[in-house]
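The chain contents come next:
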Amino acid sequence: MKRSRRQFLKVASLSVLGLSTHLATGGIVNAAEQGAQYLPNENGLKAGRWAMVIDTRAFETPEDFDVCVKACHKAHNVPNIPNNQNIKWLWTDTYEHVFPEQGNNHMSESLENRDFFVLCNHCENPPCVRVCPTKATYKKPDGIVAMDYHRCIGCRFCMAGCPYGARSFNFSDPRKHLDMGEVNPEFPTRMLGVVEKCNFCVERLAQGLMPACVEAAEGKIVFGDLNDPESEVRKVLAENFTIRRKPNVGTQPGVYYII
Ligand code: SF4
Ligand code: SF4
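Residues numbered from 1 in each chain as written. Chains lettered and ligands numbered in written order. Predicted model: local features only at pLDDT ≥ 70, side-chain atom pairs only at ≥ 80, totals over all residues. Heavy atoms only, no water.

**Q** Could you clarify how one ought to interpret unusual backbone geometry in this entry?
**A** Residues apart from glycine generally show negative phi values, whereas peptide bonds are mostly found in trans. Even without glycine at this site, Arg156 takes up a positive phi of about 65°. Position of Arg156 among the secondary structure elements: in the loop between strand E5 (145–147) and helix H6 (157–161). Even without being glycine, Glu218 reaches a positive phi, approximately 50°. Tracing the backbone shows Glu218 in the loop between helix H8 (212–217) and strand E8 (221–225). (Helix = DSSP H or I, 4+ residues; strand = E, 2+ residues; numbered from the N terminus.)

Below is the structure:
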């Protein structure tokens, strides 16, 4: 029987690495999964270095967060698995967990009680890219850390390498947890044994659209080109005090938080 390219890559890589793990099996791989290159159309948005600024002060109610998470997860067919194997692209956590080394015992109640969005930081120096044995995770010239799901062999080195816990592993078939009638046909569904994470909406940028969470946030999240001194992100960064996650690990996150 002929082996698929993905199975071949997995077996080859695991042999080299001397690892034993279960083969990631799964369903049909659709055309979009076979190449993670999204070719921009003539309206596609371009940048030297995409970056995001989240105004955490503006997120006041659970609905403020919910609308963004729903927009993201709907656009990317992220399944809702009601246990600790849930898949997360965009979620919330407390200051203590998001910025553990940047707190103190005398912080304002407002900061202590606030929720903060968490997502892949699209790091300038992404350890997840360095450790991926098949180049399923790679960094684009515009700073987006992208994935080719078809190349992912499920070794989870990238999950071990990411200091932010920004990646999720499909321990079960995600398609079983999706309402197939509601699936976004423009974005691939994933399969059992594959890692996934936020992609900074690379497919939307290629169509000239802002990321889904940015659109849903109605001004609470700003997105743009960090290399362009005239961009909105540069303006808000110049006008506000911002922090990034785990500054000591040297990854240089592309996500900034106004606190
Ligand atoms: S946050 Fe994690 S997954 Fe995202 S680019 Fe950085 S190291 Fe990679
Ligand atoms: S940038 Fe796109 S993929 Fe990333 S959290 Fe926002 S909506 Fe989700």
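**Q** Before we go on, may I ask you to explain the site of ligand 1 in this structure?
**A** As a matter of local geometry, ligand 1 sits amid 14 residues, with Cys120, Cys123, Cys128, Cys162 and Arg167 nearest to it. In terms of residue class, the shell around ligand 1 is built from 10 nonpolar, 2 polar and 2 charged. (Near = heavy atom within 4 Å. Nonpolar A, V, L, I, M, F, W, Y, C, P; charged D, E, K, R; others polar.)

**Q** Any chance you could explain the sheet that holds strand E10 (residues 255–258) here in plain terms?
**A** The pairing of strands in a sheet happens through backbone hydrogen bonds and is either parallel or antiparallel. What the 4 strands build is an open sheet, ordered E8-E1-E10-E9; its pairing is mixed. Two strands close off the open sheet at either side, each with one partner strand: E8 and strand E9 (242–243). Here helix H9 (residues 232–239) sits on the sheet and contacts strand E1 (50–55), E8, E9 and E10; the angle it forms with E8, its principal contact strand, is near 120°. (Pairing = 2+ DSSP bridges. Contact = heavy atoms within 4.5 Å. Axes fitted to C-alpha atoms, helices over the stretch in contact; angles between N-to-C directions.)

**Q** What should I look at first to understand the pattern of salt bridges in this one?
**A** Pairs can form between side chains of opposite charge whenever their charged atoms are close. On inspection of all chains with the given rule, the structure shows 8 salt bridges. Between Lys74 and Glu182 there is a salt bridge whose closest N-O contact spans 3.9 Å. Of this pair, Lys74 sits in helix H2 (residues 62–75) while Glu182 sits in the loop between strand E6 (168–169) and strand E7 (195–196), and the two are 108 residues apart along the sequence. Lys74 sits in the exposed class, given a relative accessible area of 51%. A salt bridge links Arg204 to Glu215, with the nearest nitrogen and oxygen atoms 2.8 Å apart. (Salt bridge = Lys/Arg side-chain N within 4 Å of Asp/Glu carboxyl O. Buried < 20%, exposed > 50% of the residue type's maximum accessible area, 1.4 Å probe, protein only.)

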